[in-house]
Number of protein chains: 2
Amino acid sequence: VGSPKPGLDEDEMVERIRGALGGGIGSLGLRDDAASVEVPDGGSLVVSVDSVVEGVHVDLSVCSPADVGWKALMGALSDLAAMGARPVGALVALCAPRSGDGLALGVMEGVAEAAAVAGCPVVGGDVSQSRELMVSVTVMGTVDGGQPVARSGARAGDVVLVTGPCGGSAAALRELRSAGLGVAGPLGAAYRRPVARLAAGVEARLGGGSAMIDVSDGLALDLHRLADASGVGFRLTTIPVAEGATFEEAVGGGEDYELVMAVAERDLDGLSGRFSRAGLAAPVRLGVITADVGERLLGGVELGRHGWQHQIG
Amino acid sequence: VGSPKPGLDEDEMVERIRGALGGGIGSLGLRDDAASVEVPDGGSLVVSVDSVVEGVHVDLSVCSPADVGWKALMGALSDLAAMGARPVGALVALCAPRSGDGLALGVMEGVAEAAAVAGCPVVGGDVSQSRELMVSVTVMGTVDGGQPVARSGARAGDVVLVTGPCGGSAAALRELRSAGLGVAGPLGAAYRRPVARLAAGVEARLGGGSAMIDVSDGLALDLHRLADASGVGFRLTTIPVAEGATFEEAVGGGEDYELVMAVAERDLDGLSGRFSRAGLAAPVRLGVITADVGERLLGGVELGRHGWQHQIG
């Protein structure tokens with residue numbers, strides 16, 4: 001692997017880790033939201049893992065231990081949503097300090113609440129002592145015999161859609177930080193209780209979505225990742241901004257968990273019809289996919305890779 | 001769930017977490033080494049998650065980043081071994097500080113080495129920034145249409161066996177701490193490069209093992225857990241001590257990853273024959289399972305719950 005430079009960003013680190021692992025990587029694994037695993041005696045599972053670290057991903061001064069557990073499970077489930085999979089089970093690795101105030105149990109209560117809302121049983125877990133709070137959640141899902149929707153399937157001419165306005169989580173965090181714990185209403189909830197778009201993901205898959213990703217690190221960054229994986233460009237005309245959010249928060253704020261998808265023009269009506277019949281809000285059209293991989297435009301202007309990446313190395 | 005007392009031990013915490021999760025727990029989950037999950041379009045998987053935290057489970061002054069990765073994967077795989085499952089894939093959640101010296105990559109190289117030895121592809125992963133190093137590994141395995149071996153199946157009259165002498169990892173850690181990094185030979189390896197007894201686990205399952213657990217926290221503690229789950233007692237006559245280890249290290253030292261199993265007397269010859277034909281060392285007879293759940297004897301003397309439990313809460 002060689003000597004890494006200090007402070008690789010997350011995407012660079014993932015590429016280096018792929019190198020370290022060599023050929024032992026499952027289909028779609030480490031280059032998509034989730035991997036697909038064949039089960040020896042039949043069937044397949046879509047699997048993904050995601051971590052929440054206190055002080056990095058979450059701030060216990062603006063959310064409760066139960067919020068941390070909720071966010072950890074929903075963040076992992078959002079990766080299944082982005083593949084068009086529905087969850088069949090989760091495993092939770094909880095590392096927590098000996099706080100004496102029920103921190104670990106509080107986190108697990110939030111996990112349980114999110115699991116009930118998402119219809120995803122927690123089938124296994126592990127608790128360890130640590131100095132900082134960390135929750136890693138592995139989720140398993142199924143596409144019921146279909147094919148998962150990869151990041152890499154977008155083609156020139158496809159329409160780009162998003163399931164809803166973005167920036168709500170970042171705006172809520174900003175409000176929470178200025179107001180302190182206990183902010184009621186939709187803003188606090190967008191940060192503390194995000195919901196994975198599982199139903200939308202399944203409808204997008206069944207409706208012919210060609211590529212999909214969830215907005216976990218920022219709409220712009222995640223859209224660039226989809227375009228990178230597909231070897232395409234994009235021309236966007238608009239970005240829908242969540243109520244209370246700034247344009248910058250909509251472009252670069254993470255943890256919205258809206259789904260961004262590409263779909264061939266001919267499949268657009270069918271997909272929209274599916275969303276409508278499922279009682280889901282109509283997806284918002286952002287623009288189109290183009291053949292030039294270097295073209296990444298919003299309103300005719302270059303769109304930066306706005307979003308959040310871990311610095312590791 | 002109510003207000004927990006400070007500093008629950010790991011087993012108490014798991015029971016409380018079971019309460020928080022209510023009925024949403026898969027078969028065998030949270031009360032055994034691994035859980036069994038039905039795959040919607042056929043088959044089933046045995047799944048487990050395990051974490052390694054620097055400064056708690058491992059000490060970077062006596063092992064390398066690659067050792068940490070190796071230990072994390074093998075520790076998780078040992079839970080599959082204890083069910084009699086063979087691995088089909090792993091997911092790795094890595095939380096690491098921005099150290100600039102390749103810590104995260106080093107860990108993943110060790111994961112890759114262990115994955116190659118165990119024949120377990122790494123199918124997914126996640127890297128996050130954190131202040132302390134933490135590696136959580138989820139493993140998936142199969143019993144190829146058979147039944148996993150639970151902790152709870154031991155019956156009075158069964159023979160208790162262990163796959164090999166214990167205390168080697170604890171002895172190696174003691175030697176490493178006194179000698180510093182770089183100790184060669186079997187002692188260093190027992191701590192830094194333990195190997196999950198996957199082949200022994202499969203043979204024990206096929207040979208009719210009635211209950212099984214891996215020695216991760218201490219032979220005595222893990223044997224008590226097996227007896228608790230089965231509602232039985234035990235009368236041991238001997239404990240095999242690894243070369244270089246003390247008797248105390250053999251009884252209470254963790255991370256040996258030997259397998260402790262119960263087997264009906266009538267199945268003992270068949271099981272031993274399987275081990276022999278598979279080229280595995282003959283398992284060592286520790287004693288017998290008894291009907292009295294309160295009887296927990298070694299050489300006629302009460303055996304304490306020696307071993308290591310996290311303090312969390």
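Residues numbered from 1 in each chain as written. Chains lettered and ligands numbered in written order. Predicted model: local features only at pLDDT ≥ 70, side-chain atom pairs only at ≥ 80, totals over all residues. Heavy atoms only, no water.

The next subject is the overall build of chain A. In terms of helices and strands, chain A carries nine helices and 14 strands. Here the C-alpha radius of gyration of chain A, 19 Å, is about what a compact globule of 313 residues would show, namely 20 Å. With respect to the principal axes defined by its C-alpha atoms, chain A has extents near 55 × 50 × 50 Å. Sorting the 313 residues of chain A into buried and exposed places 62% on the buried side. Pairs at least 24 apart in sequence give 82% of the contacts found in chain A among residues at least 6 apart. Looking at chain A as shown, the accessible area adds up to about 10,700 Å², and 51% of this sits on carbon and sulfur atoms. Computed over 24 positive and 39 negative side-chain charges, the inter-centroid distance for chain A is 2 Å. (Helix = DSSP H or I, 4+ residues; strand = E, 2+ residues; numbered from the N terminus. Rg over C-alpha atoms; globule rule 2.2 N^0.38 Å. Buried < 20%, exposed > 50% of the residue type's maximum accessible area, 1.4 Å probe, protein only. Contact = heavy atoms within 4.5 Å. Areas by Shrake-Rupley, 256 points an atom, 1.4 Å probe, with all protein chains shown as cover. Lys, Arg positive; Asp, Glu negative; His and termini not counted. Charge placed at Lys NZ, Arg CZ, Asp CG, Glu CD.)

With that settled, the discussion passes to helix α6 (residues 198-206) of chain A. Residue and element names in this part refer to chain A. Among the nine residues that make up α6, seven are buried, leaving the element largely enclosed by the rest of the structure. Turning to α6, its buried residues number three or more, namely Leu198, Ala200, Gly201, Val202, Glu203, Ala204 and Arg205. Backbone geometry just downstream of α6 places glycine 208 in the positive-phi region, at approximately 95°.

What follows is about the packing of aromatic side chains. A full pass over the atoms with the stated rule returns zero aromatic pairs over all chains. A cation sits over an aromatic face here: Lys71(A) above Tyr191(A), 3.7 Å from the ring centre. (Phe/Tyr/Trp six-rings, centres within 6.5 Å; stacked < 30°, edge-to-face > 60°. Lys NZ or Arg CZ within 6 Å of the ring centre and 35° of its normal.)

Superposition record for chain A on chain B: RMSD 0.0 Å, screw rotation 180°, translation along axis 0.0 Å. The superposition operator between the copies reduces to a two-fold rotation axis. Taking the C-alpha atom as reference, chain A places Gly42(A) closest to the rotation axis, 2.4 Å from it. When the interface residues of chain A are mapped onto chain B, 100% of them again fall at the interface, so both copies present the same face. (Least-squares fit on C-alpha atoms with pLDDT ≥ 70 in both.)

What follows is about the environment of Ala179(B). Looking at the secondary structure, you find Ala179(B) in helix α4 (residues 168-179). Looking at Ala179(B), the relative accessible area reads 54%, which means it is exposed.

Before going further, it helps to spend a moment on the packing of helix α2 (residues 65-81) of chain B against helix α3 (residues 103-118) of chain B. Residues and elements named next belong to chain B. Where α2 meets α3, the axes come as close as 6 Å, and the angle between the chain directions of the two elements is 45°. Between α2 and α3, the crossing angle belongs to the class labelled oblique. Pair α2 / α3 crosses with right-handed handedness. On the side of α2, the interface is formed by Pro65, Ala66, Gly69, Trp70, Leu73, Met74 and Leu77, while α3 contributes Leu103, Gly106, Val107, Gly110, Val111, Glu113, Ala114, Ala115, Val117 and Ala118. Grouping the amino acids of the contact of α2 with α3 by side-chain chemistry returns 13 nonpolar, three polar and one charged. (Axes fitted to C-alpha atoms, helices over the stretch in contact; angles between N-to-C directions. Parallel < 35°, antiparallel > 145°, perpendicular 65-115°, else oblique. Left-handed = near helix turned anticlockwise from the far one by under 90°. Nonpolar A, V, L, I, M, F, W, Y, C, P; charged D, E, K, R; others polar.)

All right, on to unusual backbone geometry then. Glycine aside, the phi torsion of most residues is negative, and most peptide linkages are trans. We note that Glu255(A) has phi near 60°; this positive angle belongs to a residue other than glycine. With respect to the element layout, Glu255(A) can be found in the loop between α8 (247-252) and β10 (259-263).

When the terminal C-alpha atoms of helix α2 (residues 65-81) of chain A are compared, their 24 Å separation across 17 residues agrees well with the 24 Å that a helix rising 1.5 Å per residue should span. The buried count for α2(A) comes to 16 of 17 residues, which makes it a mostly enclosed element. (Expected span 1.5 Å × (residues − 1).)

What links the strands of a sheet is backbone hydrogen bonding, and the strands pair in either a parallel or an antiparallel sense. Residues and elements named next belong to chain B. Pairing is mixed across the open sheet formed by seven strands, whose spatial order is β8-β10-β7-β11-β9-β12-β13. This sheet does not close on itself; its edge strands, each paired only once, are β8 (211-214) and β13 (301-302). Of the pairings in the sheet, the one linking strand β9 (residues 233-236) to strand β11 (residues 284-290) comprises four bridges and is antiparallel in character. For glycine 233, the partnering residue across the bridge sits in β11 and is threonine 290. (Pairing = 2+ DSSP bridges.)

On to the sheet that holds strand β3 (residues 44-53) of chain B. Residues and elements named next belong to chain B. Strand order in the open sheet formed by five strands is β2-β3-β6-β4-β5, and the pairing between neighbours is mixed. Each of the sheet's edge strands pairs with one partner strand only, and the pair in question is β2 (35-38) and β5 (122-129). Pairwise comparison of adjacent strand axes, ignoring direction, gives a mean angle of 20° for this sheet. On the sheet, α3 packs against β4 (86-96), β5 and β6 (134-142) and is oriented at approximately 175° with respect to β4.

Contacts between chain A and chain B engage 76 residues on the former and 78 residues on the latter. Between chain A and chain B we count two salt bridges in total. Note that Glu132(B) and Arg131(A) form a salt bridge whose closest N and O atoms lie 3.2 Å from each other. Linking chain A to chain B there are six residue pairs in polar contact (both at pLDDT 80 or more). Looking at the side of chain A that touches chain B, the elements with two or more residues in it are α1 (10-21), β2 (35-38), β3 (44-53), β4 (86-96), α3 (103-118), β5 (122-129), β6 (134-142) and β14 (311-312) of chain A. Of the residues contributing to the side of chain A that touches chain B, the split by class is 37 nonpolar, 26 polar and 13 charged. (Salt bridge = Lys/Arg side-chain N within 4 Å of Asp/Glu carboxyl O. Polar contact = N/O pair within 3.5 Å; in protein donor to acceptor, adjacent residues only side chain to side chain.)

Residue and element names in this part refer to chain A. Put simply, chain A has an average pLDDT of 89, and 90% of its residues get 70 or more. When the criterion is pLDDT under 50, residues 1-6 qualifies, and its contacts beyond four places in sequence or with other chains add up to 11 contacts. Contacts from residues 24-28, a stretch scored under 50 in pLDDT, to residues over four places away or in other chains number 15 contacts. In the predicted assembly, ipTM is 0.87 and pTM is 0.90. (pLDDT = per-residue confidence, 0-100.)

With that settled, the discussion passes to the packing of α3(A) against helix α1 (residues 10-21) of chain B. It is the contact of α3(A) with α1(B), at a shortest axis distance of 9 Å, that shows an interaxial angle of 30°. Classified by the angle between their axes, α3(A) and α1(B) sit roughly parallel to one another. You can see that α3(A) and α1(B) cross each other, and the crossing is right-handed. When α3(A) is examined against α1(B), the residues Ala104(A), Leu105(A), Met108(A), Glu109(A) and Ala112(A) are found in contact with a partner set consisting of Met13(B), Arg16(B), Ile17(B), Ala20(B) and Leu21(B). Residues belonging to the contact of α3(A) with α1(B) are distributed by class as follows: eight nonpolar, no polar and two charged.

Here we take up the environment of Leu298(A). Residue and element names in this part refer to chain A. In this fold, leucine 298 is placed in strand β12 (residues 296-298). A relative accessible area of 15% means that leucine 298 is categorised as buried. For the pair leucine 298 and glycine 287, spaced 11 residues apart in sequence, the C-alpha to C-alpha distance is 8.6 Å. What leucine 298 contacts, discounting residues up to four positions off in sequence, is Leu236, Thr237, Thr238, Ile239, Phe247 and Leu303.

A few words on the pattern of salt bridges. All told, the structure shown has 34 salt bridges over all chains when counted by the stated rule. Its salt-bridge partner being Asp228(A), residue Arg296(A) comes within 2.9 Å of it at the nearest N-O pair. With Arg296(A) in strand β12 and Asp228(A) in helix α7 (residues 219-230), the pair connects residues that are 68 residues apart, well separated along the chain. For Arg296(A), a relative accessible area of 6% corresponds to the buried category. The class of Asp228(A) is partly exposed, set by a relative accessible area of 39%. For the salt bridge of Glu249(B) with Arg174(B), the shortest nitrogen-to-oxygen distance reads 2.6 Å. Residue Glu249(B) is located in helix α8 (residues 247-252), and its partner Arg174(B) is located in helix α4; the two are separated by 75 residues in the primary sequence. Look at Glu249(B) and you get buried, because its relative accessible area is 12%. Residue Arg174(B) is classed as partly exposed on the basis of its relative accessible area of 36%. Among the charged side chains, a network of salt bridges with common partners joins Asp67(A), Glu113(A), Arg192(A) and Arg193(A).

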